[in-house]
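Each chain, written out:
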Amino acid sequence: MKIKLTTLALGAVMAAGPVMADLVFPSLSYRTGPYAAGGIPFADGYADYFTLLNERDGGIGGVMTSVPECETGYNTEKGVECYEATKGEGALVYQPLSTGITYQLIPKATADDIPIHSMGYGRTSAKNGDVFSHVFNYPANYWDGASGAVNYLLDENGGDLSGKKIALVYHNSAYGKEPIRTLEELSEKHGFELVALPVDHPGQEQKSQWLQIRRDKPDYVLMWGWGVMNQVAVQEAANIRFPMENFIGVWWSGAEHDVTPAGDAANGYKALTFHNVGTDFPVFEDIQKYVVDAGKAAGAGDQVGTVLYNRGLYAAMLAAEAAKKAQEIHGTAEITSAQMRDGMEALEITEAKMAELGLPNFGPTFSVNCQNHGGDALVGVTQWDAANKTWSMISDFKPTDGDVIGPLIDADSSAYAGENNISPNC
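All values reported here derive from a predicted model rather than from experimental measurement. (Residues numbered from 1 in each chain as written. Predicted model: local features only at pLDDT ≥ 70, side-chain atom pairs only at ≥ 80, totals over all residues. Heavy atoms only, no water.)

Draft legend 1. How the structure looks around the overall build of the chain. Of regular secondary structure, the chain possesses 15 helices and 16 strands. Taking 2.2 N^0.38 as the reference for a compact globule, 426 residues should give roughly 22 Å; the C-alpha atoms of the chain span a radius of gyration of 21 Å, in line with that estimate. With the principal axes as the frame, the chain shows a C-alpha extent of 70 × 50 × 40 Å. Taken across its 426 residues, the chain has 56% of its residues classed as buried. Relative to all contacts within the chain whose residues are 6 or more apart in sequence, the contacts with residues 24 or more apart total 71%. A total of about 16,300 Å² of accessible surface is found on the chain, and carbon and sulfur atoms cover 48% of it. (Helix = DSSP H or I, 4+ residues; strand = E, 2+ residues; numbered from the N terminus. Rg over C-alpha atoms; globule rule 2.2 N^0.38 Å. Buried < 20%, exposed > 50% of the residue type's maximum accessible area, 1.4 Å probe, protein only. Contact = heavy atoms within 4.5 Å. Areas by Shrake-Rupley, 256 points an atom, 1.4 Å probe, with all protein chains shown as cover.)

Structure representation (structure tokens):
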């Protein structure tokens, strides 16, 4: 029977019990390779938040945390090797940080009873918990991102995009192709023309795509890029004098290193987001005191507050809150990966909770349940100020188009269930 304990009672159990084993949150990091500029700050933020919990709070529910890192180089094969090498250490949840790695780990982790959190990437239809019992992609997925961008443009155009032309510049991979189906559906619904322009890995050659954009004169450009592709695209857009305020990247195309190489020419560029930016949140004072100043930072401390550091911190916060929920549900502080899965499925993030954690308005409010592993699909928009070298939120976290996305998720997840003989989970 599942017993709910109060925090006080749980603390009493901790004090009376033997020394606890760590709660293990493996980090499949990529501090090397072509995408290291994005991997390093995320890994730092992820590790530093758990260090903060250890140093300030004595861990989670009285149990210390550990974050063993395994370097993937953003390589799918290495990512799977890292999973196999670390899963026996008591791993509670995996953040694969790669769509390719996520796809490979879905059947493995499900069989091993270990949850996956692919936050803002991976298999979009994993939002359907009835099929994907161990995969979670809250608070938003790629199809939410596509819809969030279109909704933002609708707001900018008085609710009418009919007759407009939108170009999608995308990484020519499974990741980059993710939004196309959704954007095609949305183009039919809202009457805009969609032009898809693939860019081959690693993305340094984009002259022809931007010459086509100069010739076709789309009203807006969306980008699904990663790594060097992003900064090349921003520079190419500047070269043809495309208005930066009409250029919007997905959340993996909106970090500092994507825009700083273009200097002042990048001013006004926009990017989607599912979390806030900067350090104007109380938690960062604690990170400075308990982690950076104490010499316990995962990196040099120079990434704190950057976009991807904040994303790593946010991912760690969500994992920690799910662990707390699992401890509460199961009446034990030393949770297993199966119990962690239950905590993730019962997770609710309210504004009061975020404020309590020193992160007021840091991310969207959302809740998870058996059928819905993706949360409430709220997406915001940020904009780059080149003079001050800062990102700012220019829109609230707003709803996306469930009428379009829901059927796409149902169709894709149903096909997966049929191919893999998966019975309903809920």
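This is not the end of the story, as more comes after the structure.
Draft legend 2. Region of the structure containing the packing of aromatic side chains. Summed over the entire model, instances satisfying the criterion amount to 26 aromatic pairs. With a centroid separation of 4.4 Å and 20 degrees between ring planes, the pair formed by Phe-25 and Phe-50 is classed as stacked. Note that Phe-25 is positioned in the loop between β1 (23-24) and β2 (27-29) and Phe-50 in helix α2 (residues 36-57), a separation of 25 residues in sequence. Residue Phe-25 shares its accessibility class with Phe-50, and that shared class is buried. Members of the aromatic cluster, each reached through a chain of ring pairs, are Tyr-142, Tyr-175, Trp-224, Trp-251, Phe-274, Phe-281, Phe-284, Tyr-314 and Phe-362. The positively charged end of Arg-311 is found above the aromatic ring belonging to Trp-252, 4.6 Å away from the centroid. (Phe/Tyr/Trp six-rings, centres within 6.5 Å; stacked < 30°, edge-to-face > 60°. Lys NZ or Arg CZ within 6 Å of the ring centre and 35° of its normal.)

Draft legend 3. Structural view of helix α7 (residues 180-190). Those residues of α7 not exposed but buried are Ile-180, Thr-182, Leu-183, Leu-186, Ser-187 and His-190. Here the buried residues of α7 occupy an arc of 155 degrees about the axis, which is enough to place them on one side. Structurally, α7 contributes buried residues whose contacts are with α5 (142-156), β7 (165-171), α6 (174-177), β8 (193-199), β9 (220-224) and α15 (402-419). One or two positions beyond α7, positive phi appears at Gly-191, with a value near 80 degrees. (Arc of directions from axis to C-beta.)

Draft legend 4. Just the pairing of strand β11 (residues 270-273), in detail. Side-chain alternation along β11 places Lys-270 and Leu-272 on one buried face and Ala-271 and Thr-273 on a second face that is also buried. As paired strands, strand β10 (residues 247-249) and β11 are joined by two bridges and run parallel to one another. Across the sheet, Gly-249 pairs through a bridge with Ala-271, a residue of β11. With four bridges connecting them, β11 and strand β14 (residues 378-385) associate as antiparallel partners. Each residue of the ladder has a partner; that of Thr-273, found in β14, is Gly-380. (Pairing = 2+ DSSP bridges.)

Draft legend 5. How the structure looks around the side chain of Ser-133. Tracing the chain through its elements places Ser-133 in the loop between β5 (116-117) and β6 (135-136). Within the structure, the side chain of Ser-133 is placed 2.7 Å from the side chain of His-134, a separation counted as a polar contact. Setting aside its immediate chain neighbours within four residues, Ser-133 contacts Thr-110, Arg-341, His-373 and Asn-425. (Polar contact = N/O pair within 3.5 Å; in protein donor to acceptor, adjacent residues only side chain to side chain.)

Draft legend 6. Here's a closer look at the state of the cysteines. Evaluated as defined, the whole model comprises two disulfides. Two residues, Cys-370 and Cys-426, share a disulfide whose sulfurs are 2.1 Å apart. As the torsion about the S-S bond is roughly -100 degrees, the Cys-370-Cys-426 disulfide counts as left-handed. One end of the pair, Cys-370, is in the loop between β13 (366-367) and β14; the other, Cys-426, is in the segment after α15, with 56 residues separating them in the sequence. We classify Cys-370 as buried; its relative accessible area is 18%. Sequential numbering of the bridged cysteines in the chain gives the disulfide pattern 1-2, 3-4. (Disulfide = S-S within 2.5 Å.)

Draft legend 7. Geometry of helix α8 (residues 207-216). Those residues of α8 not exposed but buried are Gln-209, Trp-210 and Ile-213. Buried residues of α8 fall within an arc of 90 degrees about the axis and therefore sit on the same side. Facing away from the buried side of α8, by more than 90 degrees, are the exposed residues Lys-207, Ser-208 and Arg-215. Where the residues of α8 are buried, they touch β7, β8, β9, α9 (228-239) and β10.

Draft legend 8. Structural context of the environment of Gly-90. Tracing the chain through its elements places Gly-90 in the loop between α3 (76-86) and α4 (99-112). Gly-90 sits 63 residues away from Leu-153 along the chain, and the two C-alpha atoms are 45 Å apart.

Draft legend 9. Fine view of unusual backbone geometry. Residue Pro-139 is reached from Tyr-138 by a cis peptide bond, and omega for that bond is 5 degrees. Take Pro-139: it is sitting in the loop between β6 and α5. With an omega dihedral of 0 degrees, the bond running from His-201 to Pro-202 counts as a cis peptide bond. Relative to the assigned elements, Pro-202 resides in the loop between β8 and α8. Residue Asp-113 is not a glycine yet carries a positive backbone phi of 60 degrees. Here Asp-113 shows up in the loop between α4 and β5.

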